[in-house]
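# Reading the structure
Chain by chain, the residues run as shown.
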Amino acid sequence: METEVIESLGIIIYKALDYGLKENEERELSPPLEQLIDHMANTVEADGSNDEGYEAAEEGLGDEDEKRKISAIRSYRDVMKLCAAHLPTESDAPNHYQAVCRALFAETMELHTFLTKIKSAK
């Protein structure tokens, strides 16, 4: 069940990033983001087995970076580990992502208020 939600989330994120583009246009994604979305959207193979997963494919991985590798995306925790690996300090991830979510929520509320005013003005 969890892998199905991760797969759906990967597809939704990809479609959201392509929103507003013409049919023949494709958004340029950074290689790590493209790989993450690809592996999220393809967690289950056609035969029902799990995909072999994502391994951080950055050039010149050091010993410290070896610890950051995820052999397969099987849980939300794996997705979070991959995202946290892109921060300067992985321990900053909870505070960073909470701040991002707060900012997104605030922008959503501002947009909602704006759209409500426009709707009521008609």
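Before reading further, recall that the structure is shown in the block above.
Residues numbered from 1 in each chain as written. Predicted model: local features only at pLDDT ≥ 70, side-chain atom pairs only at ≥ 80, totals over all residues. Heavy atoms only, no water.

## Topic: the overall build of the chain
- What the chain contains, in helices and strands, is five helices and zero strands.
- Its helices and strands in sequence order give the chain the pattern α-α-α-α-α, from N to C terminus.
- Once local pairs closer than 6 in sequence are excluded, the contacts in the chain between residues at least 24 apart make up 40%.
- Counting every atom, the chain has about 9,500 Å² of accessible surface; 54% of that belongs to carbon and sulfur. (Helix = DSSP H or I, 4+ residues; strand = E, 2+ residues; numbered from the N terminus. Contact = heavy atoms within 4.5 Å. Areas by Shrake-Rupley, 256 points an atom, 1.4 Å probe, with all protein chains shown as cover.)

## Notes on the side chain of Asp78
- Within the secondary structure, Asp78 sits in helix 4 (residues 76-84).
- Nearest to the buried, unbridged Asp78 among oppositely charged side chains is Lys81, at 4.9 Å.
- Only 2.8 Å separates the side chain of Asp78 from the backbone nitrogen of Arg74, close enough to count as a polar contact. (Buried < 20%, exposed > 50% of the residue type's maximum accessible area, 1.4 Å probe, protein only. Lys, Arg positive; Asp, Glu negative; His and termini not counted. Salt bridge = Lys/Arg side-chain N within 4 Å of Asp/Glu carboxyl O. Polar contact = N/O pair within 3.5 Å; in protein donor to acceptor, adjacent residues only side chain to side chain.)

## Some points on a nonpolar patch on the surface
- Taken together, the side chains of Leu111, Phe114, Leu115 and Ile118 make up a nonpolar region of the molecular surface, amounting to roughly 380 Å² of accessible area.
- Of note, Phe114 is situated in helix 5 (residues 93-121). (Patch = residues over 30% accessible without salt bridge, like charges linked within 9 Å, V, L, I, M, F, W, Y side chains within 5 Å.)

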